[in-house]
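Understanding the architecture of this molecule
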Amino acid sequence: MVFYSKHYDVIVVGAGHAGCEAALAAARMGCTVLLLAIDLDKVAAMPCSPSIGGMAKGQLVKEIDALGGEMARVTDQTAIQYRTLNTKKGPAVHSSRTQNDKNRYHTVMKSVLERQPRLDLKQTMVERLVVEDGRVVGIEDHTGFGYAAAAVVLATGTFLSGLVHIGFKSIRAGRAGEFASYSLPEHLKAMGFTLGRMKTGTPPRLKKSSIDFSPFTAQGSDERPTPFSFTSQGISLPQVDSYMGYTNPRCHQIVRDNISRSALYGGVIQGVSARYCPSFEDKIVKFPERDRHHVILEAEGLDTEEIYASGLGNSLPLEVQIQVVRAVEGLEEAEIMRPAYAIEYDYVNPVQLKSTLETKLCAGLFMAGQINGTSGYEEAAAQGLWAGINAACKLQKRPPFILDRSQAYMAVLIDDLVTRGTREPYRMFTSRAEYRLMLREDNADLRLMETGFELGLVDADTCNDIRERKKAIANEIQRVRSTVIKPTEAVNAFLNDRGSKPIDTGMHLDHLLKRAELDYQTVDKLAPAPQPLPCRTIQQVEIEIKYEGYIQRQQHEIDKFRNLERMKIPEAFDYTGVHGLSNELKEKLTAVKPASLGQASRIDGMTPSAISVLMIALKVFSHHAGSDERAEKS
């Protein structure tokens, strides 16, 4: 095999959302990086929904941005609709979502990659890894040509043994119209990795001019859209509506009559589907009592006629898809420009990864995105950033980049994967984050931007701005807590006008702010701040004070959580000799090799009594290790 003359620090295989973030992070941290894609015209493609964010996913994007990642910035340059979800609930679950121009997203991200110093972008298909003495040293492509590197990040998406299904017609493809990789997954199996099979899919694309939108309800952008990135100055593209409608009993009957012709129910598909994003035929089978389901029509871009028909994803033959689509009110004359399809692909069980996303089997080899069993652009991008940072840290002999579950949604994602693994496509939800009140969208920059600066991914001016804002928030909270409002006639009249109970004794301003009917802007009129504060500073002050009791309780829970996390488990610890643990738990602990007692507690099947047994065994192990060390010194 002939190797390219240039030796890289990091090679990233796959230029989807995970690969792009991994390559950019490593390059920005000073590494020379090679990013390889099967097709350079599909870099950062959006093969499914033309959107970024959503419930819990929006939090991931904000965290990526706060750490210096690229997704939010590209989103703001390509978004054609902005919506904030869950606004009727508390700030812990507010989530941003955009609809994006798919082609612009690809073009902008590709341009960012091409202009990034120390990053080369090339088109090829990787056939196998080059490994020496248990460490990856490069890759070999489909032509037999090699590229050398000290670390490799696999971000292969749905391309490993990809198989597209439309009815009983199966096509080898990583996505519709794109080559799949069959040699690389076989090579990974030969290396000793355990692979599984998953299934996802995408709905049909319809021609806009063939749709009657009158039966659908238009949904526009928020009245005052907020950019996704903390550094974006505004929104540049025109905003467009999406349209919500419904299926009907006739539509459902067509599916029932043809269910045996579905790849999913006809026995063709073996991969595991996502429970949380079922295909249309899956909805009909699993929810027979429902007489309608949502259909949401979203533009795929400003300069295309293609409309994404969310809710109509299926694996039925095209002739049946046409019947199903045209049974929906408003779609009677709709033309399908691209059919819906299901796709099966291989993934690597993520319990084979360390918390850095480096594999346990092969040093220097990292994995990110759908290869780890996840679904969604945002989950992939978060893993890509994490893996790219850790690849750079490993080569630069810096401490690994690991956040805990109380610090970020992406830490919850990574911890869930490497601790519990997944048997179905993993999707992020707010309910997965135990400390979600602390992990809000609005404070992602306050939580993580200084870490991004320390990594070299955030500039000094931006970091200084964050530090100044933290000071301003703390100072204003202190002022509000120490300010006493006296029960004057004017004050009580003011409160009465706003539907708030009058006061008969002096009251601290923060107690008034905690009243549900009052907000910061209102109470500030009673005792104005020395100088006007920015809106985002006001927002943090109000949240911190209004939710103070909940925040204190959650902080207490975090303190207990961190006590367990601080109890580290040596890598050499032997679980097989621990009396009191079941054989099943011993096998799981040996496979996962948890780094701490906290991580061990989250392994499926662990009980409080098992944790107690493990804690005692660790103390005995530490005592013996200390005795041996003292004996050696003497």
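All figures in this text were calculated on a predicted structure; none of them were measured in a lab. (Residues numbered from 1 in each chain as written. Predicted model: local features only at pLDDT ≥ 70, side-chain atom pairs only at ≥ 80, totals over all residues. Heavy atoms only, no water.)

What to know about the pattern of salt bridges
- One pass over the full model with this rule turns up 44 salt bridges.
- Between K42 and E178 there is a salt bridge, with its nearest N and O atoms 3.8 Å apart. With K42 in the loop between β3 (33-37) and β4 (51-53) and E178 in the loop between β12 (169-172) and α5 (183-191), the pair connects residues that are 136 residues apart, well separated along the chain.
- By relative accessible area, K42 is classed as partly exposed at 31%.
- For D442, the salt bridge is made with R440, and the minimal N-O distance between the two is 3.1 Å.
- Under the relative-accessibility criterion, D442 is labelled buried at 10%.
- Put simply, R405, D415, D416, R420, E434, E565, R602 and D604 are held in one network by salt bridges that share partners. (Salt bridge = Lys/Arg side-chain N within 4 Å of Asp/Glu carboxyl O. Helix = DSSP H or I, 4+ residues; strand = E, 2+ residues; numbered from the N terminus. Buried < 20%, exposed > 50% of the residue type's maximum accessible area, 1.4 Å probe, protein only.)

Description of helix α12 (residues 460-482)
- For α12, spanning 23 residues, the distance from its first C-alpha to its last is 33 Å, which sits close to the expected 33 Å at 1.5 Å a residue.
- Along α12, the residues that are buried comprise T462, C463, I466, R469, I473, E476, I477, R479 and V480.
- One side-chain oxygen at the N-terminal end of α12 lies 3.1 Å from the backbone nitrogen of D461; it belongs to D459. (Expected span 1.5 Å × (residues − 1). Polar contact = N/O pair within 3.5 Å; in protein donor to acceptor, adjacent residues only side chain to side chain.)

Considering the packing of aromatic side chains
- Counted under the stated rule, the structure contains 9 aromatic pairs.
- Considering the side-chain rings of F145 and Y147, the 5.2 Å spacing of their centres and the 80° angle between planes classify their relative orientation as edge-to-face.
- Overall, F145 belongs to the partly exposed group, its relative accessible area being 25%.
- An aromatic cluster is built from Y4, F145 and Y147, whose rings are joined through pairwise contacts.
- The lysine or arginine in question, K62, covers the ring of F230, its NZ or CZ lying 5.0 Å from the ring centre.
- When the ring centre of Y182 is taken as reference, the NZ or CZ atom of R172 above it lies at 3.9 Å. (Phe/Tyr/Trp six-rings, centres within 6.5 Å; stacked < 30°, edge-to-face > 60°. Lys NZ or Arg CZ within 6 Å of the ring centre and 35° of its normal.)

Digging into the nonpolar core
- Among the nonpolar cores identified, the biggest contains 123 residues, and I11 and L154 are the most heavily contacted of them.
- When residues of this core are assigned to their parent elements, the largest contribution, 11 residues, is made by helix α9 (residues 377-395).
- With sequence-adjacent residues up to four places away left out, I11 is seen in contact with L34, L36, I139, Y147, A148, A149, A151, V152 and V153.
- By size, the runner-up hydrophobic cluster in this structure holds 26 residues, among which are I211, V325, A327 and V328. (Core = buried A, V, L, I, M, F, W, Y, C linked by side-chain atoms within 4.5 Å. Contact = heavy atoms within 4.5 Å.)

With respect to the environment of D415
- Topologically, D415 is positioned in helix α10 (residues 409-420).
- Through-space distance from the C-alpha of D415 to that of L403 is 9.3 Å; in sequence the pair is 12 residues apart.
- If near-sequence neighbours (up to four positions away) are discounted, D415 is found in contact with R405, R420, Q599 and R602.

Focus: the sheet that holds β4
- A sheet is described by the order of its strands in space; here 3 strands give the open sequence β4-β6-β5, paired in antiparallel fashion. Either end of the sheet is taken by a strand with one partner, and the two such strands are β4 and β5 (79-85). The mean inter-strand angle of the sheet, taken between neighbouring strand axes irrespective of direction, is 20°.
- Pairing of β5 with strand β6 (residues 95-100) involves 6 bridges; the strand directions are antiparallel. (Pairing = 2+ DSSP bridges. Axes fitted to C-alpha atoms, helices over the stretch in contact; angles between N-to-C directions.)

Observations concerning the sheet that holds strand β18 (residues 306-310)
- Here we have 6 strands laid out as an open sheet, ordered β15-β16-β17-β18-β14-β19, and antiparallel in their pairing. The open sheet terminates on both sides in strands that have one partner only, identified here as β15 (217-219) and β19 (336-338). Here the strands of the sheet are splayed against their neighbours by 35° on average, with no regard to which way each runs.
- Pairing of strand β14 (residues 205-207) with β19, which is carried by 2 bridges, proceeds in the antiparallel orientation. Bridging from a neighbouring strand, R205 pairs with R338 of β19.

Describing the packing of helix α2 (residues 57-66) against α9
- At a closest axis distance of 9 Å, the pairing of α2 and α9 adopts a crossing angle of 30°. With respect to α9, the element α2 is oriented roughly parallel. As α2 packs across α9, the resulting crossing turns out to be left-handed. Contacts from K57, L60, V61 and I64 in α2 reach E378, E379, A381, A382 and L385 in α9.
- Looking at side-chain class alone, the contact of α2 with α9 contains 6 nonpolar, no polar and 3 charged residues. (Parallel < 35°, antiparallel > 145°, perpendicular 65-115°, else oblique. Left-handed = near helix turned anticlockwise from the far one by under 90°. Nonpolar A, V, L, I, M, F, W, Y, C, P; charged D, E, K, R; others polar.)

Describing helix α16 (residues 535-546)
- For α16, built from 12 residues, the straight-helix expectation of 16 Å at 1.5 Å per residue is met to within 8% by its first-to-last C-alpha distance of 16 Å.
- Among all positions of α16, only T537, I538, Q540, V541, E542, I543 and I545 are buried.

Observations concerning the pairing of strand β8 (residues 126-132)
- Both β8 and strand β9 (residues 135-141) contribute to a ladder of 6 bridges, which runs antiparallel. Following the sheet pairing, V131 is matched in β9 by V136.
- Linking β8 to β9, which pair antiparallel, is a turn of 2 residues; within it D133 sits at a positive phi near 55°.

Digging into the pairing of strand β11 (residues 163-166)
- Along β11, one buried face is formed by L163 and H165 and the opposite face, lined by V164 and I166, is buried too.
- Where β11 lies against β12, 4 bridges are found, and the strand directions are antiparallel. The residue bridging I166 from the neighbouring strand is K169, located in β12.
- As consecutive antiparallel partners, β11 and β12 are separated by 2 residues, and within that stretch G167 has a phi angle of approximately 65°, a positive value.
- Relative to strand β20 (residues 341-348), β11 runs antiparallel, the two being bridged by 3 bridges. When the bridges of β20 are listed, H165 appears paired with A342.

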